[in-house]
Amino acid sequence: MSLDTLIVIPVKDFGEAKSRLGQVLAPDRRSALARRLCERTLAFFRERLPEHDLLVVTASPVIDDLARRYDAAVLREPRPRGLSTAATLAAEWSRRRGYAAQLLVPADIAHLDEAELRELLGAPRPGPSVLICPASDGGTNALLTSPPDVLPFCFGERSSEAHRQAAHQRGVPYRILDLDHLRFDLDTPEDLDTLDTLVRQHSGDAPQELVKLWNLCSTRHLSPSSMTPWAAWLTTP
Ligand SMILES: Nc1nc2c(ncn2[C@@H]2O[C@H](COP(=O)(O)OP(=O)(O)OP(=O)(O)O)[C@@H](O)[C@H]2O)c(=O)[nH]1
Ligand SMILES: O=C(O)[C@H](O)COP(=O)(O)O
């Protein structure tokens, strides 16, 4: 019996995560941010999309334990060898278990939106196909492959175009879905500035999750009307 779409969440060790934020966040804050993003992602899929099985790919025993607490299956990689390798391992795993498709979502999307995910999961897929959701920096922030291993994974710089080309060269039908929330992941100091702007724009009614992430990136609980949190962080001895 062919199963439907497996949700795949690749997660690398929290201590090695968010290195591009190294200029503005101390190591403990980066690790705490990565953990918060991961836990929030697992909780989101368990609560909002419980009908989909969940697979976490990781080399970390800590993340293995965390994932199982959210009733996710865990695929342990011997050591982290990059996102494309993690995605390939997941595709082999899901194909072997009879999943018709896999949706890979990184664990660092700032604001996961149920309507967007349901639009993505409900998009028509006539046979082999690829759905690509670009990140604001040209990366790939969600990739739905049907069957799971329908094309090679090419994560990295401007990977959404690389995935489009890979599908085109193989004659695999593909669609690019530009989804506002899914575009935004927390990778760089500029992304933190965007988060700051989003929280300030919403003033008192910013989505709670965004405020929690914003607070994690600041030195203390600042009201949205105060200075940029990481500026405060930078000036704190
Ligand atoms: N299992 C696994 N997940 C990975 C690996 N590399 C990245 N990821 C995950 O893939 C998603 C996107 O990761 P990146 O943005 O490339 O890495 P990051 O740790 O978030 O940030 P940087 O350290 O700045 O690159 C996140 O959920 C990462 O945890 C890997 O080698 N193995
Ligand atoms: O497209 C990619 O490589 C992944 O989404 C990771 O991209 P990022 O490093 O911009 O998060």
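Residues numbered from 1 in each chain as written. Chains lettered and ligands numbered in written order. Predicted model: local features only at pLDDT ≥ 70, side-chain atom pairs only at ≥ 80, totals over all residues. Heavy atoms only, no water.

The name an unreviewed UniProt entry assigns to the protein chain is 3-phospho-D-glycerate guanylyltransferase, from the organism Halomonas nitroreducens. The record in UniProt for the protein chain states the following under Sequence similarities (unreviewed entry): "Belongs to the CofC family." The record in UniProt for the protein chain states the following under Catalytic activity (unreviewed entry): "(2R)-3-phosphoglycerate + GTP + H(+) = 3-[(R)-glyceryl]-diphospho-5'-guanosine + diphosphate". (UniProt positions renumbered as here; feature names shortened; annotations may be inferred.)

A.B. asks: Would you explain the site of ligand 2 in this entry?
C.D. replies: Taken together, Arg20, Leu83, Asp108, Asp137, Gly139, Thr140, Asn141, Phe155, Gly156, Ser159, Asp185 and Asp187 make up the full set of residues near ligand 2. At 2.6 Å, a side-chain N or O of Asp187 approaches an oxygen atom of ligand 2. In isolation ligand 2 offers 310 Å² of accessible surface; the protein chains occlude 86% of this area. In terms of residue class, the shell around ligand 2 is made up of 2 nonpolar, 5 polar and 5 charged. (Near = heavy atom within 4 Å. Polar contact = N/O pair within 3.5 Å; in protein donor to acceptor, adjacent residues only side chain to side chain. Areas by Shrake-Rupley, 256 points an atom, 1.4 Å probe, with all protein chains shown as cover. Nonpolar A, V, L, I, M, F, W, Y, C, P; charged D, E, K, R; others polar.)

A.B. asks: Explain the site of ligand 1 to me, please; I cannot follow it from the model alone.
C.D. replies: In the region of ligand 1, 20 residues are neighbours, and Lys12, Lys18, Arg20, Glu77 and Gly82 sit closest. Burial of ligand 1 by the protein amounts to 87% of the accessible area it has alone, namely 620 Å². Elements that contribute at least two residues to the shell around ligand 1 include exactly strand 2 (54-58) and helix 3 (83-96). Partitioning the shell around ligand 1 into residue classes produces 9 nonpolar, 3 polar and 8 charged. (Helix = DSSP H or I, 4+ residues; strand = E, 2+ residues; numbered from the N terminus.)

A.B. asks: Sorry, what's going on with the environment of Pro128 here?
C.D. replies: As for its placement among the helices and strands, Pro128 is situated in the loop between helix 4 (114-122) and strand 5 (129-134). In this structure, the C-alpha to C-alpha distance between Pro128 and Ala100, residues 28 residues apart in sequence, is 9.5 Å. Setting aside residues no more than four positions away along its own chain, Pro128 makes contact with Ser146, Pro147, Val150, Val172 and Pro173. (Contact = heavy atoms within 4.5 Å.)

A.B. asks: What is the right way to look at the pairing of strand 5 in this model?
C.D. replies: Two faces, one strand: in a regular strand the side chains alternate between the faces of the sheet. Across the 6 residues that make up strand 5, a large majority, 6, are buried. Residues Ser129, Leu131 and Cys133 line one face of strand 5 and the alternating positions Val130, Ile132 and Pro134 line the opposite face, and both faces are buried. Here strand 5 runs beside strand 6 (residues 140-146); their pairing, made up of 6 bridges, is antiparallel. Bridge pairing links Val130 to Thr145 in strand 6. Between strand 5 and strand 6, which follow one another and run antiparallel, lie 5 residues, and Gly138 among them has a positive phi close to 95°. As paired strands, strand 5 and strand 7 (residues 174-176) are joined by 3 bridges and run parallel to one another. By the bridge assignment for strand 7, Ile132 is matched with Ile176. (Buried < 20%, exposed > 50% of the residue type's maximum accessible area, 1.4 Å probe, protein only. Pairing = 2+ DSSP bridges.)

A.B. asks: Mind showing me how you'd approach the packing of aromatic side chains here?
C.D. replies: What characterises a pair of aromatic rings is the spacing of the ring centres plus the angle enclosed by the ring planes. One pass over the structure, following the stated rule, counts 3 aromatic pairs. Both rings, one in Phe44 and one in Phe45, keep their centres 5.2 Å apart while their planes meet at 90°; by these two values the pair is edge-to-face. (Phe/Tyr/Trp six-rings, centres within 6.5 Å; stacked < 30°, edge-to-face > 60°.)

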